[in-house]
Amino acid sequence: MDPLSLTTLLAAAAMAGWVDAVVGGGGLLLLPALLVAAPGVPVATALGTNKLAAIAGTSTAAVTFARRTGVDWAVVGPAAVLAVVCAGVGAALAGSVPAGAYRPVVLVVLVAVAVFVLVRPRLGTVSVPARRTRVRVVVAVGVAGVGIALYDGLIGPGTGTFLVLAFTALVGADFVRGSAMAKVVNAGTNLGALVVFAASGHVWWLLGAAMAVCNVAGAAVGARMALRRGAGFVRVVLLVVVLALVGKLGYDQWLAG
């Protein structure tokens, strides 16, 4: 890899760490950057190397959030344990699902998310404790620890965003606390997927370690910025990331190739 490509990739890793720490979706930046910087790299290897970088940044953000804001461990604890297993299953199946099979579904979900956030401007601006019922907690654990974790192992980009929305809509967390909860579960999904990719030899350890350092730096800045600026800031970043994901997946579906 030439120096310019490496520098660009490390800068993308830092920016991805920032985005992931605030609201998730850093894979939208880092995976394409990795595929461009290393033409011909197997998709599984790109995913595995990305997970090595992402788990470092996500864990850093999770620790920062946990120290500064409350984390609902009754929800994220079981979800994170399930996420390790389910993301590993997704990673094991990653090569068997064609991109064309999931893009339309994810696009519909993302558009629905954007509309949902736009038409409900108060969503996530304040916490709604009354929404945290026993049934909703069970549903949130299942959605985050099984459904979203499986998606992260299979595909990846947007996982943190989906987790934030799940915790905000299902158990009434505000965007800052929802983002904190998302980081814990996302660390679990990254771990589960990384173990599977590593076991099958699909991780470039040296490059991934360099990306991880930059990802950690970006995540540390992003987590502190989200905590300092609050839920309104996270909401704006969330919308930007969702719209960017819609644009990227729409381009891949209808215009690429």
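Up top is the structure these notes are about.
Let me begin by describing the structure that accompanies this report. (Residues numbered from 1 in each chain as written. Predicted model: local features only at pLDDT ≥ 70, side-chain atom pairs only at ≥ 80, totals over all residues. Heavy atoms only, no water.)

As for the side chain of Lys51
So, step 1. With respect to the helices and strands, Lys51 occurs in helix α3 (residues 43-68).
So, step 2. Reaching out from Lys51, the side chain makes a polar contact with the side chain of Asn190 at a distance of 3.3 Å.
So, step 3. Not counting residues within four places of it along the chain, the set of residues in contact with Lys51 comprises Asp152, Gly156, Asn190, Ala193, Leu194 and Phe197. (Helix = DSSP H or I, 4+ residues; strand = E, 2+ residues; numbered from the N terminus. Polar contact = N/O pair within 3.5 Å; in protein donor to acceptor, adjacent residues only side chain to side chain. Contact = heavy atoms within 4.5 Å.)

So, the packing of aromatic side chains
So, step 1. Inspection of every chain in the model, using the stated rule, returns two aromatic pairs.
So, step 2. Aromatic side chains Trp18 and Phe233 sit 6.2 Å apart centroid to centroid with 80° between the ring planes, which places their arrangement in the edge-to-face category. On the criterion of sequence distance, the pair formed by Trp18 in helix α1 (residues 3-22) and Phe233 in helix α10 (residues 231-254) is long-range, its members being 215 residues apart.
So, step 3. Owing to a relative accessible area of 17%, Phe233 belongs among the buried residues under this scheme.
So, step 4. With a centroid separation of 5.6 Å and an interplanar angle of 80°, the aromatic rings of Tyr151 and Phe162 are classed as edge-to-face. Taken together, the residues Tyr151 in helix α6 (residues 134-154) and Phe162 in helix α7 (residues 159-171) connect sequence positions 11 residues apart. Accessibility classification places Tyr151 together with Phe162 in one group, the buried group.
So, step 5. Sitting over the ring of Phe233, Arg229 keeps its end group 5.3 Å from the ring centre. (Phe/Tyr/Trp six-rings, centres within 6.5 Å; stacked < 30°, edge-to-face > 60°. Buried < 20%, exposed > 50% of the residue type's maximum accessible area, 1.4 Å probe, protein only. Lys NZ or Arg CZ within 6 Å of the ring centre and 35° of its normal.)

Section: a positive patch on the surface
So, step 1. A cluster of basic residues, Arg67, Arg68, Arg224, Arg228 and Arg229, forms a positive patch on the protein surface.
So, step 2. Among the secondary structure elements, those contributing two or more residues to the positive patch are α3 and α9 (205-229).
So, step 3. In terms of residue count, α9 provides more of the positive patch than any other element does, three residues in total.
So, step 4. Within the secondary structure layout, Arg68 lies in helix α3. (Patch = residues over 30% accessible without salt bridge, like charges linked within 9 Å, V, L, I, M, F, W, Y side chains within 5 Å. Areas by Shrake-Rupley, 256 points an atom, 1.4 Å probe, with all protein chains shown as cover. Salt bridge = Lys/Arg side-chain N within 4 Å of Asp/Glu carboxyl O. Lys, Arg positive; Asp, Glu negative; His and termini not counted. Charge placed at Lys NZ, Arg CZ, Asp CG, Glu CD.)

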